[in-house]
Amino acid sequence: MDTAPSAHPTSVTAPASPQRRRVATAAALASAVEWYDYFVFGIAAALVLGDLYFPAGSSSAGVLAAFATFAVGFLARPIGGIVAGQIGDKRGRKPMLVLALTLMGLATTGIGLLPTYDTIGVAAPILLVLLRVVQGVAVGAQWGGAMLLATEYAPEGKRGLYGSVVQLGVPIGVVTANTVFLLAGAFTTDTQFAAWGWRIPFLIGLFVLALAWYIHAKVEETPEFRQAERELAEQEKTAQTSPLRTVLRHHLGTVLLAGGSFAVNTATFYILITGVLDYTTRELGMKRSAVLTVSLCISLTQLVLIPAAAALSDRLGRIRIYALGAVGIALWAVPMFLLIDTGSLLWLAVATFVAGCFLSIMYGPQAALFAELFTPEMRYTGASLGYQIAAVLGGGLAPFLMVLLLEATGTSMAVSGYIIVLSVIALLCIKVLAGRARSRGV
């Protein structure tokens with residue numbers, strides 16, 4: 001292992017295999033449905049929300065407004081991570097995961113029912129932004145809870161693999177969201193899709209509430225948290241502790257390094273699933289259904305690549321595999337957009353497939369890597385903050401900046417340059433994290 005200080009406590013009783021499988025399945029499903037709800041907004045922002053909620057003089061202005069609302073959800077994610085981390089490190093991983101799922105289900109359904117600008121005027125975009133904020137808070141709270149349920153139940157030597165089941169929620173969410181949008185488009189005319197067909201993917205999000213109930217009723221708290229809870233109970237007899245205060249005072253550098261190392265992954269990912277969707281359909285004239293199908297197929301390949309990369313990190317070390325993915329993203333940034341600019345569906349598939357491979361190599365070990373950067377009593381807070389900082393710096397702004405860069409320069413090479421800059425930052429952060437790991441002798 002080439003990361004941080006967190007082996008499984010020897011005093012923790014290992015859970016039975018059926019219990020591990022049940023928890024891993026619940027964590028994967030929680031991640032999948034949460035990301036599904038989150039991603040349907042990104043797809044809708046690229047396709048319809050600009051015209052329906054932000055009417056403007058040009059299509060670019062409407063898309064920019066929709067992508068700005070998309071970014072608002074990312075700005076809210078650290079709030080969810082902080083609040084959930086504080087409570088999750090003191091009261092348990094499971095309660096915060098259940099709350100996050102409930103909030104996401106209600107917010108997504110609310111968007112599906114929300115009247116448009118033509119119906120209620122300026123109240124429509126205001127309510128859309130508020131519901132997107134709730135989505136952001138929910139996903140910010142969810143990732144840490146699901147990730148820790150999986151990794152803290154993992155058997156010795158398989159934390160990377162178990163953590164990857166939560167990471168699989170992202171491609172599963174993308175596949176499901178794209179599939180539902182494709183079906184909604186296939187069974188409606190363009191007029192019907194713009195009028196009500198786009199709402200169907202959001203209304204399906206209501207089913208997340210059933211999963212929240214299942215986790216509440218059937219899943220037990222993690223062994224590592226129960227051990228940490230006993231230790232904290234002894235400490236709090238003499239002093240009150242705050243996981244957030246501890247992280248900010250003593251581990252802020254680690255949080256910032258984690259966020260800086262991962263921003264390129266989130267930025268490239270959201271450029272591919274939302275920015276490229278807008279760019280290829282609006283600027284290159286490609287068919288919406290064809291581009292969505294490519295995105296769906298690429299996400300299916302990640303279902304294999306992510307756990308494979310995570311399992312490899314259990315053997316070769318987290319940072320080594322993680323850095324390999326970051327290098328690949330940097331090297332592929334320019335060829336990727338040269339291929340996309342051809343307007344060919346085949347070359348679009350090749351460009352996004354190779355990019356998806358490098359994203360998967362980096363994303364697979366990320367959950368275990370971030371978990372191992374912090375000890376159990378502050379792990380929810382520290383890991384969530386690192387992840388959500390990356391989401392704000394990378395994912396939230398990426399589609400918006402992509403449109404701005406394309407409008408300002410007239411060339412997609414500006415977007416490639418943006419990705420390369422983030423890759424360099426990631427590799428510098430990874431180098432520092434690796435040095436810290438070596439200094440600890442791990």
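In this text, all values refer to a predicted model and were calculated from it rather than measured experimentally.

S.K.: Tell me about helix 6 (residues 159-167), residues and numbers included.
M.R.: Counted residue by residue, helix 6 has eight buried out of nine residues, so it is predominantly covered. When helix 6 is considered as a whole, its buried residues turn out to be R159, G160, Y162, G163, S164, V165, V166 and Q167.

S.K.: An account of the packing of helix 14 (residues 288-316) against helix 16 (residues 345-363) is needed here, citing residue identities and associated values.
M.R.: Taken N-terminus to C-terminus, the directions of helix 14 and helix 16 make an angle of 30°; their axes are 8 Å apart at the nearest point. Judged by the angle between their axes, helix 14 and helix 16 are roughly parallel. The handedness of the crossing between helix 14 and helix 16 is right-handed. From helix 14, A290, V291, V294, I298, T301, Q302, L305, I306 and A309 reach across to helix 16, where they touch L345, L348, A349, T352, F353, G356, C357, L359, S360, I361 and Y363. Its residues placed into classes, the contact of helix 14 with helix 16 shows 15 nonpolar, five polar and no charged.

S.K.: Could you give an account of empty space enclosed by the protein, with specific residues and numbers?
M.R.: Counted under the stated rule, the structure contains three cavities of 30 Å³ or more. Taken together, 18 residues line the largest cavity, and the ones lying closest to its centre are L272, I273, S295, I298 and T352. Those elements that place two or more of their residues in the lining of the largest cavity are helix 13 (252-283), helix 14 and helix 16. The element that contributes the greatest number of residues to the lining of the largest cavity is helix 14, accounting for seven residues. Looking at the lining of the largest cavity residue by residue, the classes come out as 12 nonpolar, six polar and no charged. Put simply, the second largest cavity is a space of about 130 Å³.

S.K.: Got a sec to walk through the packing of aromatic side chains? Specific residues and values, please.
M.R.: Tallied over the entire structure, the rule returns eight aromatic pairs. Summarising the aromatic geometry, the rings of Y53 and W198 are spaced 6.1 Å apart at their centres and angled 90° between planes, so their arrangement reads as edge-to-face. Placement of Y53 in helix 1 (residues 17-53) and of W198 in the loop between helix 8 (190-197) and helix 9 (199-204) is noted, with a sequence separation of 145 residues between them. Ring geometry for F262 against Y322: centres 6.5 Å apart, planes inclined by 10°, an arrangement best described as stacked. Taken as a pair, F262 in helix 13 and Y322 in helix 15 (residues 318-340) lie far apart in primary sequence, 60 residues in all. The class of F262 is buried, set by a relative accessible area of 0%. An aromatic cluster is defined as three or more aromatic residues linked by ring pairs; in this entry it consists of F262, Y322, Y363, F370 and Y387. Note that R132 overlies the ring of F41, its terminal NZ or CZ placed 4.5 Å from the centroid.

S.K.: Describe the confidence of the model for the protein, listing the residues and the values that go with them.
M.R.: Put simply, the protein has an average pLDDT of 81, and 86% of its residues get 70 or more. Below pLDDT 50 for its whole length, residues 1-13 participates in 41 contacts with residues either more than four positions away or in separate chains.

S.K.: Quick one: what's the story with a nonpolar patch on the surface, residue by residue and with numbers?
M.R.: Residues Y117, I120, V122, I126, L127 and L130 make up a contiguous nonpolar surface patch of about 520 Å² in total accessible area. Contributions of two or more residues to the nonpolar patch are made by helix 4 (117-120) and helix 5 (123-151). The element contributing the most residues to the nonpolar patch is helix 5, with three residues. Mapped onto the elements, Y117 comes out in helix 4. Overall, the relative accessible area of 34% leaves Y117 in the partly exposed class.

Conventions we followed
- Residues numbered from 1 in each chain as written.
- Predicted model: local features only at pLDDT ≥ 70, side-chain atom pairs only at ≥ 80, totals over all residues.
- Heavy atoms only, no water.
- Buried < 20%, exposed > 50% of the residue type's maximum accessible area, 1.4 Å probe, protein only.
- Helix = DSSP H or I, 4+ residues; strand = E, 2+ residues; numbered from the N terminus.
- Axes fitted to C-alpha atoms, helices over the stretch in contact; angles between N-to-C directions.
- Parallel < 35°, antiparallel > 145°, perpendicular 65-115°, else oblique.
- Left-handed = near helix turned anticlockwise from the far one by under 90°.
- Contact = heavy atoms within 4.5 Å.
- Nonpolar A, V, L, I, M, F, W, Y, C, P; charged D, E, K, R; others polar.
- 1 Å grid on protein atoms, 1.4 Å probe; cavity = no way out; pocket = protein on both sides within 12 Å on 5 of 7 lines; lining within 4 Å.
- Points joined across faces, edges and corners; volume = space filled by probe spheres on them.
- Phe/Tyr/Trp six-rings, centres within 6.5 Å; stacked < 30°, edge-to-face > 60°.
- Lys NZ or Arg CZ within 6 Å of the ring centre and 35° of its normal.
- pLDDT = per-residue confidence, 0-100.
- Patch = residues over 30% accessible without salt bridge, like charges linked within 9 Å, V, L, I, M, F, W, Y side chains within 5 Å.
- Areas by Shrake-Rupley, 256 points an atom, 1.4 Å probe, with all protein chains shown as cover.
- Salt bridge = Lys/Arg side-chain N within 4 Å of Asp/Glu carboxyl O.

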